Amino acid sequence: MAQGGVEKIGLPDSFLQVKLPNGEKVKIEKPMPEHTVGIQLILDSLVDPKIGCLKDLKEINAVGHRVVHGGEKFNQSVVITPEVKKQIIECSELAPLHNPANLKGIEAIEKTLSRVPQVAVFDSALQQTMPDYAYMYALPYELYQKYAIRRYGFHGTSHRYVSARVCEFLGVDPSKQKIVTAHIGNGGSCAAVLNGKSVDTSMGLTPVEGLVMGTRAGDLDLGAATFIMDKEGLSTAEFNNLVNKKSGLLGVSGVSNDARDIDAAIKSGNKRAELVRNMFIYRVKKYIGAYAAAMNGVDIIVFTGGIGENDPFIRGEVVKGLSFLGAKLDEQANNVRGEERVISTKDSKVTVCVIPTDEELMIASDTQALV
Ligand code: ADP
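The structure reproduced in this document is the subject of the present report. As the structure is a prediction and not an experimental result, all values here were calculated from the model.

1. Some thoughts on helix α13 (residues 312-320)
Stage number 1. Within the span of α13, buried status applies to Pro312, Ile314, Arg315, Gly316, Val318 and Val319.
Stage number 2. Those residues of α13 hidden inside the fold are in contact with β7 (178-184), α11 (271-294), β10 (300-304), α12 (305-310), α14 (331-334) and β12 (351-354).

2. Side note on the packing of helix α6 (residues 156-170) against helix α15 (residues 359-370)
Stage number 1. Taken N-terminus to C-terminus, the directions of α6 and α15 make an angle of 100°; their axes are 9 Å apart at the nearest point. With respect to α15, the axis of α6 lies roughly perpendicular. The residues of α15 that touch α6, namely those facing Thr157, Ser158, Arg160 and Tyr161, are Glu359, Leu361, Met362, Ile363 and Asp366.
Stage number 2. A breakdown of the residues in the contact of α6 with α15 according to their chemical character gives 4 nonpolar, 2 polar and 3 charged.

3. What to know about helix α8 (residues 236-245)
Stage number 1. For α8, every residue scored as buried is listed here: Phe239, Val243 and Asn244. Across the axial projection of α8, the buried residues extend over an arc of 125°, all falling on one side.
Stage number 2. Against α7 (222-232) lie the buried residues of α8.

4. Structural notes on the sheet that holds strand β3 (residues 25-29)
Stage number 1. Judged by pairing direction, the sheet is antiparallel, and its 3 strands sit side by side in the order β1-β2-β3 without closing on themselves. Of all the strands in the sheet, just β1 (3-7) and β3 have a single pairing partner and so form its edges. Adjacent strand axes in the sheet meet at a mean angle of 15° when their direction is disregarded.
Stage number 2. Inspection of the sheet shows strand β2 (residues 15-19) paired to β3 by 5 bridges, in the antiparallel sense. From the neighbouring strand, leucine 16 faces β3, where its bridge partner is isoleucine 28.

5. A few points about the layout of surface pockets
Stage number 1. Each pocket or cavity is described by its volume, and for the second largest pocket that value is around 1,000 Å³.
Stage number 2. Taken together, 27 residues make up the lining of the second largest pocket; nearest its centre are Leu205, Thr206, Val208, Leu222 and Phe239.
Stage number 3. Listed by contribution, the elements that provide at least two residues to the lining of the second largest pocket are α7 and α8.
Stage number 4. Looking at the lining of the second largest pocket element by element, the count peaks at 6 residues for α8.

Parameters and conventions
- Residues numbered from 1 in each chain as written.
- Predicted model: local features only at pLDDT ≥ 70, side-chain atom pairs only at ≥ 80, totals over all residues.
- Heavy atoms only, no water.
- Buried < 20%, exposed > 50% of the residue type's maximum accessible area, 1.4 Å probe, protein only.
- Helix = DSSP H or I, 4+ residues; strand = E, 2+ residues; numbered from the N terminus.
- Contact = heavy atoms within 4.5 Å.
- Axes fitted to C-alpha atoms, helices over the stretch in contact; angles between N-to-C directions.
- Parallel < 35°, antiparallel > 145°, perpendicular 65-115°, else oblique.
- Nonpolar A, V, L, I, M, F, W, Y, C, P; charged D, E, K, R; others polar.
- Arc of directions from axis to C-beta.
- Pairing = 2+ DSSP bridges.
- 1 Å grid on protein atoms, 1.4 Å probe; cavity = no way out; pocket = protein on both sides within 12 Å on 5 of 7 lines; lining within 4 Å.
- Points joined across faces, edges and corners; volume = space filled by probe spheres on them.

Structure below.
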């Protein structure tokens, strides 16, 4: 009935984009310093006489939320209770950019739509099929026993959707495919999906591991962490902030966390912006190569997320660097944004696709099933 999203929260040019049933897009620009303001704007737009699809917010029967970290407590979606909220808070230190914001969303809805049931769909839940040798870190085992320190992985809702959808789209049996899904947006992760089950993923205990992201560093030498903390006199909280909010595209370029701004900076000759884009591409390519090894082969590579769906240059550079796997890019087909499409040639040994993610659909169906 309606579809939309809030972007650039915390930046001066934040906006809500709503897609109407006739396909028309409406953009409402409004400074949104934090997530509660975004939720309110979404609710207002739903009952707006011009662009809304509801007469009254009372028509809403349930609300589903994407919650990033569910630790080892949640391996599936659940109806939100006070106990669940407490556990989401407990997992906050593992996802400092997300869980507190997710909770704000839940509480903003509680205030406005007091008696409506809410469901949490955990981004970490769907990677629970990883084998122990993939999710364990080579740390003293007691740390796993005491604190459940291990790889969890995130974007599970998206990896689940696109790895299933690509099989439908190509008409192949999901139980017989080796798939690498690359969800690259502001946050980014790759997953190895073997015969329908996730067997590895690039994010770890927290969403800071793995790819170069908008503001997150991704993989980093642990020795560098203690070295930086010593040299700069940083507390653990300050260091956490550095690698989560000040690194990645933003940190290296000094320009922005947004790939569109990086692209514009490169066009105007900014070398640091160019460097970080090269780092970004290289890291994605390396993970796809690693997951091909993890599964002893790869049949399908899927690109999704804001960058994966919309940036032909980055996709093209990644695929061109994977010719050793037999992946061959169809340059013309790759010139696409936000559409399901095969972007490899007919004779490519690996089928490369763009599949726009639909986390909302997954969240809505889990929510409907639970309430
Ligand atoms: P999040 O991880 O916050 O969900 P998204 O998946 O929305 O992020 O991705 C945001 C990223 O996608 C930003 O870096 C943005 O620049 C990029 N992006 C969105 N649209 C385009 C586009 N048309 N061309 C290139 N990059 C795009």
